[in-house]
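# Descriptive structure summary
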Amino acid sequence: MDYGSGGGGGSGSGGDHDPSDPSRRKKPYHRHTAHQIQRLESIFKECPHPDEKQRLQLSRELGLAPRQIKFWFQNRRTQMKAQHERDDNCALRAENDKIRCENIAIREALKNVICPSCGGPPVSEDSYFDDQKLRMENAQLKEELDRVSSIAAKYIGRPISQLPPVQPIHISSLDFRMASFDGYGVSGPSLDLELLPGSSSAMPNLPFQPVVFSDMDKSLMSDIAASAMEEMLRLLQSNEPLWIKSNDGRDVLNLETYERIFPRPNTHFKSPNVRIEASRDSGVVIMNGLALVDMFMDSNKWVDLFPTIMLFAKTIEVISNGMWGTHSGSLQLMYEELQVLSPLVSTREFYILRYCQQIEQGLWAIVNVSYDLPQFAAQCRSHRLPSGCLIQDMPNGYSKVTWLEHVEIEDKTSIHRLYRDLVHSGLAFGAERWLATLQRMCERIACLMVSNTSTQDLGGVIPSPDGKRSMMKLAQRMVTNFCTSISTSNSHRWTTVSGLNEVGVRVTVHKGSDPGQPNGIVLSAATTFWLPVSPQNVFSFFKDERTRPQWDVLSNGNAVQEVAHIANGSHPGNCISVLRAFNTSHNNMLILQESCIDSSGSLVVYCPVELPAINVAMSGEDPSYIPLLPSGFTISPDGHPDQGGDGASTSSSTEHRSMGRSGGSLITVAFQILVSSLPSAKLNMDSVTTVSNLIGTTVQHIKAVLNCPSS
């Protein structure tokens, strides 16, 4: 750093001169040479306070006036002191954040403590003394927090009077501002939650109940699974005449040939509205076969691997554990619920048997087939015929995966016109979407496991691999939360409240209580619309920082800058970004964003997060208690053949084959707003109107920028 500006330096020129004096403005600017600065720096390291004799010697040696030498050392000492104060301040802030997060974790742990004998909250004989001990510890913590705050205030030059409350939920500016927007106030009469039909303020009932299976039931399950495995392997390993190629190169099942080879007495459903969807696809993923099998046979890992498809999954019963280490012979009864990322498409529920078999060394087959439980027969209107995948190990830790989806669907209600072609073509729930998601998520996991990531990839902001992993976990939780928020499950019913377009804005209300979510009343609103623009171009539009102020209400019309970047895969669009808006009143607020794109579609999810919380994640601490309330966009092809469009293409042949054949895009925009931090609060109807108008304005801006008609 050059500290030799100005002949005498600012601090020695006197502070009573008028800075607007023209003679002062015309004073020539003097910059020391590199040799002079180097010599001054070397002397400063040895002696920061040279006496008059040393200053005279330096002035003769460097050809500078003694006064210049004097003020250079004064300025250098001031800069050094300021740097030390900044470092101390950062250390104190980090320590303060750590204390707050530990307090949050302790509070949450205390909420979940139960008595091992009765299942209730523990009551000890010394409860009075325990309570007094907690009060004393709380007083000590408050005293320590006040001390740290006063020290921090000393260095930043102003009192710290707006510290967030030490609770795992509402950090002050994350309340309504977490998803509220300057200029959109909320006022007016309050109404009950039940104002919105179907909105639920209670936890949903689980879609399954404990079931006891006899040995005969388990034997029947084993026979069904073995028969399904045989059928799936024939479908995966056969070509014509069982499979024929469509015009766009996809494998299409020849139903006549299939019914002749695998005769069935009748369809599973008696309704005339029954459809068969069958698709097959194959590709290479960056994960070894055994690791894939391990994730597929664990319902929790299964959901994490397909966050944009799997809404929920649970293992109901383990029929057989199989061989240890390979899962060969493992048989499970599972429940799963699948979704398309739009409130216009109903979810699909299945009770399935999942059976794993190792065919040979390095080759596994996993089959899924529906299993009829009488008590849930009326609930599921989807029946999975033998489906699954074949996993073949390849060199260098890769695997070749061949995927089969084969389902029988009874449409209880007609599919919305916007999604009818996409669903009927098999793209919405087909093998291509499953495989594309698997490839993208395996790349994400590979990036998560890499520890020697360059600082350039991290934007030079995230200090360590642990910080990178913590940020990736935080972003993954944000994406999962967003996907769940726009689902159409029974616990997430939507109500149309305005006629923005033929779809309208749909809203739902729930009470947030899970760790990592702000407690209180959360209002979710979404709408879906069609654009005559390719999905790739729409995705690029949302990713472009230069066009963001034209649609993002969080930036309030201000430009944004990416301050940290983590790559999530080979496609440059798969990444995590930390953004900062310029000229905003919320200087301590950043935007966490993750964008994902593959051959089945894309999404851009973002969420405002306070700076201290981002610092906690970047330092490698557990981000589980950072409250998130994300909003964003999902983009999918409309299922229509490409009529020329805007000619967008990608380097991936698979991506071009699916997204490139689409004539337009289906965009779902969804916002979440914390209406009140009080769980017992009433829903304010003006909040519904505000967010509905907000979505309408956002859609109009998007259409205007992309030169699309408003109707």
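Residues numbered from 1 in each chain as written. Predicted model: local features only at pLDDT ≥ 70, side-chain atom pairs only at ≥ 80, totals over all residues. Heavy atoms only, no water.

## Some points on the overall build of the protein
Scanning the protein from N- to C-terminus turns up 16 helices and 21 strands. Summed over its atoms, the accessible surface of the protein is roughly 34500 Å², and 52% of this surface lies on carbon and sulfur atoms. (Helix = DSSP H or I, 4+ residues; strand = E, 2+ residues; numbered from the N terminus. Areas by Shrake-Rupley, 256 points an atom, 1.4 Å probe, with all protein chains shown as cover.)

## Thoughts on the nonpolar core
Membership of the largest hydrophobic core comes to 45 residues, with the highest contact counts inside it found for F296, F306, W403, Y419 and L438. The biggest single contributor to this core is helix α11 (residues 431-449), with six residues. Residues in contact with F296, not counting those within four places in the same chain, are W302, L305, F306, R354, I366, C389, I391, W403 and L438. Counting residues in each nonpolar core, the second largest holds 37 residues, with V538, F542, V675 and V688 among its members. (Core = buried A, V, L, I, M, F, W, Y, C linked by side-chain atoms within 4.5 Å. Buried < 20%, exposed > 50% of the residue type's maximum accessible area, 1.4 Å probe, protein only. Contact = heavy atoms within 4.5 Å.)

## Re the side chain of R384
Residue placement: R384 occurs in strand β9 (residues 382-384). For R384, a relative accessible area of 1% gives the class buried. At a separation of 3.1 Å, a polar atom in the side chain of R384 contacts the side chain of E336. Not counting residues within four places of it along the chain, the set of residues in contact with R384 comprises E336, L338, F350, I352, N368, V369, S370, E405, H406 and V407. (Polar contact = N/O pair within 3.5 Å; in protein donor to acceptor, adjacent residues only side chain to side chain.)

## Some words on the confidence of the model for the protein
Summary statistics for the protein give a mean pLDDT of 79 and a share of 75% for residues scoring 70 or more. Strand β10 (residues 387-393) holds the highest mean pLDDT among the elements of the protein, 96, whereas strand β1 (residues 190-191) holds the lowest, 38. A low-confidence stretch, residues 160-207 (pLDDT under 50), is modelled with 115 contacts involving residues beyond four sequence positions or located in other chains. (pLDDT = per-residue confidence, 0-100.)

## Comments concerning the packing of aromatic side chains
Taken as a whole, this structure holds 20 aromatic pairs when the rule is applied. Summarising the aromatic geometry, the rings of W403 and W434 are spaced 5.5 Å apart at their centres and angled 15° between planes, so their arrangement reads as stacked. A residue pair is termed long-range when its members are at least 10 positions apart, and W403 in strand β11 (residues 399-410) and W434 in helix α11 qualify at 31 residues. Each of the two residues, W403 as well as W434, counts as buried. Aromatic pair F542 and W551: ring centres 5.4 Å apart, planes at 90°, arrangement edge-to-face. Overall, the relative accessible area of 1% leaves F542 in the buried class. (Phe/Tyr/Trp six-rings, centres within 6.5 Å; stacked < 30°, edge-to-face > 60°.)

## Section: the environment of R546
Within the secondary structure layout, R546 lies in the loop between α13 (535-543) and β15 (560-567). Expressed as a C-alpha distance, the spacing of R546 and A559, which sit 13 residues apart in the sequence, is 7.0 Å.

## Digging into unusual backbone geometry
It is generally the case that most residues other than glycine have a negative phi and that most peptide bonds are trans. Residue E240 is joined to P241 through a cis peptide bond whose omega torsion reads 5°. Within the secondary structure, P241 sits in the loop between α6 (215-237) and β2 (243-245). The phi angle at N396 is positive, at roughly 65°, despite the residue not being glycine. Position of N396 among the secondary structure elements: in the loop between β10 and β11.

## Quick word on a nonpolar patch on the surface
Taken together, the side chains of V284, I286, M394 and Y398 present a nonpolar region at the surface, about 300 Å² in accessible area. Within the secondary structure layout, Y398 lies in the loop between β10 and β11. (Patch = residues over 30% accessible without salt bridge, like charges linked within 9 Å, V, L, I, M, F, W, Y side chains within 5 Å. Salt bridge = Lys/Arg side-chain N within 4 Å of Asp/Glu carboxyl O.)

## Considerations on helix α16 (residues 685-705)
For α16, which comprises 21 residues, the first-to-last C-alpha distance of 31 Å matches the rise-based estimate of 30 Å (1.5 Å per residue) to within 8%. All of the buried residues in α16 are S687, V688, T690, V691, S692, L694, I695, G696, T698, V699, I702 and K703. Two residues or fewer after α16 comes N707, characterised by a positive phi angle close to 60°. (Expected span 1.5 Å × (residues − 1).)

## Comments concerning the pairing of strand β8 (residues 363-370)
The element β8 is largely enclosed, with a buried count of eight among its eight residues. Alternating residues of β8 divide into L363, A365, V367 and V369 and W364, I366, N368 and S370, and every residue in both groups is buried. As defined by bridge partners, strand β7 (residues 348-360) adjoins β8 across eight bridges and the pair is classed as antiparallel. Within β8, the position partnered with R354 by the bridge is N368. Taken together, β7 and the strand that follows it, β8, pair antiparallel across an intervening segment of two residues, in which G362 is found at a positive phi of about 80°. The pairing of β8 with β10 spans six bridges and is classified as antiparallel. Paired with I366 across the two strands is C389, which belongs to β10. (Pairing = 2+ DSSP bridges.)

## Comments concerning the pattern of salt bridges
According to the stated counting rule, one finds 18 salt bridges in the structure shown. Note that E432 is salt-bridged to R250, the shortest N-O span being 4.0 Å. With E432 in helix α11 and R250 in the loop between β2 and β3 (251-253), this pair connects stretches of sequence that are 182 residues apart. Of the residues examined, R250 reaches a relative accessible area of 15% and is grouped as buried. Close ionic contact of R275 with E277 constitutes a salt bridge, the shortest N to O distance being 2.8 Å. Assessed through its relative accessible area of 16%, R275 is described here as buried. Among the charged side chains, a network of salt bridges with common partners joins E336, R354, R384 and E405.

## Regarding the pairing of strand β19 (residues 631-637)
Counting buried positions along β19 gives seven out of seven residues, so the element sits mostly inside the fold. Along β19, one buried face is formed by S631, F633, I635 and P637 and the opposite face, lined by G632, T634 and S636, is buried too. Taken together, the five bridges between strand β18 (residues 601-610) and β19 define a ladder with antiparallel strand orientation. Among the inter-strand pairings, L603 is bridged to a residue of β19, identified as T634. For β19 and strand β20 (residues 665-676), the ladder comprises six bridges, and the chain directions are antiparallel.

## Here's the deal with helix α8 (residues 289-296)
Looking only at α8, the buried set comprises G289, L292, V293, M295 and F296. The buried residues of α8 occupy one face: seen down the axis, they fall within an arc of 165°. Two to three positions downstream of the cap, the backbone nitrogen of L290 sits 3.2 Å from a side-chain oxygen, assigning the N-cap of α8 to N288. (Arc of directions from axis to C-beta.)

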